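# A closer look at the structure
Residues per chain, in single letters:
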Amino acid sequence: MHTAEGAVDHAHLASVSREASRVYTKISGAWNDLRASYWFIPALMSVGAVILSVVLLRVDRQIGADIPPGAWYIFGGGPEGARALMSSIVTAMISATSIVFSITIVALTLASGQFGSRLLRNFMRDRSNQVTLGTFIATFVYALLALRSIRSVDDGEFVPPVTITAGVLLVFASVGVLIYFIHHVAESIQADRLIATTAYELRKAIERLYPAALGDPPPPQIDTPEAELPADFAENRFTVRAEEENVLQAIDTERMLEVARKRDLIVELHFRPGDFIQEGAALASVWPRSADEQEVHRQVRLAIVVGTHRTLQQDAEFGIHQLVEIAVRALSTGINDPFTAMSCIDRLASALAWLTGRSFPARYRHDDAHDGKLRVIADTTSFAGFVDSAFNQIRQSAGHSAAVYIRLLEALATVASRAVTVEQRTAVRKHADLVRDAALRALDADQDKNDVEERHSIVSRALLNAAANEERASKSGT
């Protein structure tokens, strides 16, 4: 009886976990879109301004007559003065809002030209910019509602002193926010600040998508034995195709597992988050063929979230590409800023060093909560793929810059010192050789070539030390 109850509890917890994962996938996608919009925070603040005006007007109607006439901290003028004051606030807020818009557009234009248009979403996600815009719009809405409530003597005089005083305080707050906004924009368009912000977002994505190995080497990605696949897997399957072209943003793996379990299916996914999908492309292959293929088509598509752009929701490699884009643009002949490129290389090395101690998702997913059968075959990322994304384009764009080649090798030495598996060391070795070969072909000065060879030897020693450390750890573990 106890065992049965335990099984029921376990199944219930697994079901709750799947539902929570499904809800999280949907909510996180919607939240990312809201965070990157310029209307959500200002809209919330405007609603708050409406509520505040209603509350303070009610306070004025209840206690307005009890306010002492000589209270300096409360507005004490008549209807004409109150109307003139609130009219000035309304006009000033509209002017300030246009200034904020103009500064924002200039910042976005500069960032787009120097760093690439794909990084504009980072500026749009900036909470400070959204709150600044929301502050001026909310103050405008508040002042407009307060102005509407003021009545002259002929209409039955009503001057809301608390409401007007709060409007003046909101103006002072808006001035402070404007000063901060100008300072913040001047900082946010600096290359180092943008690189640091992008690297921070990448690091958060790595923490969320790749769990830490808690000090132990990450387990290797083990392929399922071929015997686990049905004998007719290649022949007796049907294809789920994309209905439109778009970018795959996320996959609800738990929902996919549930669909496969309920119908006793095996689903092989052909894309991963971040891939562009052509209309009619094969999203997935499903085994076996069945009478309800149309319903399976619908369920599989519902588990796949698509959109017009890449996000960091389930695509940490997108963060790598953002840093690479900044570096490649900095190395272009039009900009020629190797220092920015080297800053990007440092951040990429830090991210890859972090990845060395983390577990990558398995390609083969089993329904461990029920029968343990193979259910989903995913298209997964690998450490070698991340290293390729980080260093290939920068190496190809380095041209004749000895400093960039040297910094690439120094970055690879940093990653090599943290490598804990053969796959990681092999990837680092491959790129160290590629960088050395490219540098020796591109550079003319013997001293530059000697510096490159010296850095390459440092990478080699770091790889040997990492292999020795792994061997010692293996022996001590046994």
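Position labels on residues start from 1 in each chain and follow its written sequence. A pLDDT threshold of at least 70 governs which residues receive local features in this predicted model, and a stricter bar of 80 or more applies before side-chain atom pairs are shown or counted, although totals over entire chains, interfaces and linings include all residues. Excluding hydrogens and water, the side-chain figures rest on all heavy atoms present in the structure.

Spatial ordering of the open sheet is given by S1-S5-S3-S8-S7, a layout of five strands whose pairing is mixed. Both edges of this open sheet fall to strand S1 (238-241) and strand S7 (364-366), since each of them pairs with a single strand only. Each adjacent strand pair in this sheet contributes to an overall mean axis angle of 25°, direction not counted. Strand pairing is defined by DSSP finding a minimum of two bridges between the two strands. Numbering of helices and strands starts at the N terminus; helices are DSSP runs of H or I of at least 4 residues and strands are runs of E of at least 2. In this sheet, strand S8 (residues 374-377) lies alongside S7 in antiparallel orientation, the contact comprising three bridges. The residue of S8 that forms the bridge with His366 is Leu374. Together, strand S3 (266-269), S7 and S8 form the strand contacts of helix H8 (residues 253-263), whose direction differs from that of S8 by roughly 135°. It only takes one pair of heavy atoms within 4.5 Å for two residues to be counted as in contact. Orientation is described by lines fitted to C-alpha atoms, with helices fitted over the stretch in contact, and by angles between N-to-C directions that extend from 0 to 180 degrees. Sheet strands in contact with helix H9 (residues 293-302) are S1 and strand S5 (282-287), and its direction is about 45° off that of S1.

The first and last C-alpha atoms of helix H12 (residues 383-397) sit 22 Å apart over 15 residues, in line with the 21 Å expected at 1.5 Å per residue. Think of it this way: the bend at a residue is just the angle between two axes, each fitted to seven residues, one set ending at that residue and the other starting at it. Of all the bends in H12, the greatest measures close to 30° and is centred on Phe391. Relative accessibility thresholds used throughout: buried, under 20% of the residue-type maximum; exposed, over 50%; partly exposed, between the two (1.4 Å probe, protein chains only). Within H12, burial applies to Phe383, Phe386, Val387, Ser389, Ala390, Phe391, Ile394 and Arg395. Residues of H12 that are buried make contact with helix H10 (316-331), helix H11 (338-355), helix H13 (402-418) and helix H14 (422-442). Remark: Gly399 follows H12 within two positions and exhibits a positive phi of approximately 60°. A helix is expected to reach a length of 1.5 Å times the quantity of its residues less one.

Moving on: the packing of H12 against H14. Axis separation between H12 and H14 bottoms out at 9 Å; the angle between their running directions is 10°. Considering their axes alone, H12 and H14 lie roughly parallel with respect to each other. Where H12 approaches H14, its residues Phe383, Ala384, Val387, Asp388, Phe391, Asn392 and Arg395 are matched on the opposing element by Glu423, Gln424, Ala427, Lys430, His431, Leu434, Val435 and Ala438. Only Asp, Glu, Lys and Arg are considered charged in this grouping, and only Ala, Val, Leu, Ile, Met, Phe, Trp, Tyr, Cys and Pro are considered nonpolar; every other residue, Gly among them, is considered polar. Taken together, the residues of the contact of H12 with H14 sort by class into eight nonpolar, three polar and four charged. An angle below 35 degrees is read as roughly parallel, one above 145 as roughly antiparallel, one from 65 to 115 as roughly perpendicular, and any other as oblique.

Here we come to the side chain of Thr132. By the element assignment, Thr132 lies in helix H5 (residues 127-149). Note on Thr132: relative accessible area 1%, which makes it buried. Sequence-distant contacts of Thr132, defined by excluding residues within four places in its chain, comprise Val100, Val177 and Phe181.

The next point concerns H10. In this model H10 runs 24 Å from its N-terminal to its C-terminal C-alpha over 16 residues, within 8% of the 22 Å that 1.5 Å per residue would give. Among the 16 residues that make up H10, 13 are buried, leaving the element largely enclosed by the rest of the structure.

Moving on: the nonpolar core. What we call a nonpolar core is a set of buried Ala, Val, Leu, Ile, Met, Phe, Trp, Tyr and Cys residues that are connected through their side-chain atoms within 4.5 Å. Counting residues in each nonpolar core, the largest one holds 62 residues, and the members touching the most others are Phe391 and Ile394. For this core, the secondary structure elements donating two or more residues are helix H3 (79-115), helix H7 (191-209), H10, H11, H12, H13, H14 and helix H15 (446-477). Ranked by residues supplied to this core, first place goes to H13 with 11 residues. Apart from the residues within four sequence positions on either side, Phe391 is in contact with Ile345, Leu352, Leu408, Ala411, Leu412 and His431. Listed in part, the 22 residues of the second largest apolar core include Val267, Ile277, Ala281 and Val300.

To continue, consider the environment of Val387. With respect to the element layout, Val387 can be found in helix H12. Val387 sits 25 residues away from Leu412 along the chain, and the two C-alpha atoms are 9.4 Å apart. Those residues in contact with Val387 that lie beyond four places of it in its chain are Leu352, Asn392, Ala427 and His431.

It is worth spelling out the pattern of salt bridges at this point. Salt bridges, as used here, are contacts in which a Lys or Arg side-chain nitrogen is within 4 Å of a carboxyl oxygen on Asp or Glu. According to the stated counting rule, one finds 21 salt bridges in the structure shown. Where Glu258 meets Lys262, a salt bridge forms, and the shortest distance between an N and an O atom there is 3.2 Å. With Glu258 and Lys262 both in helix H8 and four residues apart, this pair spans about one turn of that helix. Taking the relative accessible area as the measure of exposure, Glu258 reaches 17% and is therefore buried. For Asp379, the salt bridge identified is with Arg272, shortest N-O distance 3.4 Å. Pair noted here: Asp379 is in the loop between S8 and H12 and Arg272 is in the loop between S3 and strand S4 (276-277), with a separation of 107 residues, a long-range link.

Here we take up a nonpolar patch on the surface. Together, Val47, Ile51 and Val55 make up a nonpolar patch on the protein surface, roughly 260 Å² of accessible area in all. Mapping Val55 onto the fold places it in helix H2 (residues 40-63). Patch membership needs two things, relative accessible area over 30% and no salt bridge, and members are linked within 9 Å if like-charged or within 5 Å if nonpolar (Val, Leu, Ile, Met, Phe, Trp, Tyr). Accessibility throughout is a Shrake-Rupley quantity obtained with a 1.4 Å probe, and a residue counts as covered only by protein chains that appear here.

This paragraph deals with the sheet that holds strand S6 (residues 304-307). Taken together, the three strands give an open sheet; going across it, the order is S4-S2-S6, and neighbouring strands pair in antiparallel fashion. This sheet does not close on itself; its edge strands, each paired only once, are S4 and S6.

Glancing now at the packing of aromatic side chains. Each aromatic ring pair is summarised here by two numbers: the centre-to-centre distance and the angle between the ring planes. Stacked, edge-to-face and tilted are the three classes for Phe, Tyr and Trp ring pairs, Trp counted by its six-membered ring, which pair at centre distances within 6.5 Å; planes under 30 degrees apart are stacked, over 60 edge-to-face, the rest tilted. Under the criterion given, the structure shown has four aromatic pairs. Here Trp39 and Phe40 contribute two aromatic rings whose centre-to-centre distance is 5.8 Å and whose plane-to-plane angle is 90°, an arrangement assigned as edge-to-face. Using a relative accessible area of 19% as the deciding quantity, one classes Phe40 as buried. An aromatic cluster of at least three residues, connected via ring pairs, comprises Tyr210, Phe360 and Phe386.

Time to look at the confidence of the model for the protein. Confidence of the predictor at the level of single residues is given by pLDDT, which spans 0 to 100. Mean pLDDT over the protein: 84, with 85% of residues reaching 70 or higher. Low confidence marks residues 1-22, where pLDDT is under 50. Its contacts with residues over four positions away, or in another chain, come to 12 contacts. The low-confidence segment residues 214-222, where pLDDT is below 50, has 17 contacts with residues more than four positions distant or belonging to other chains.

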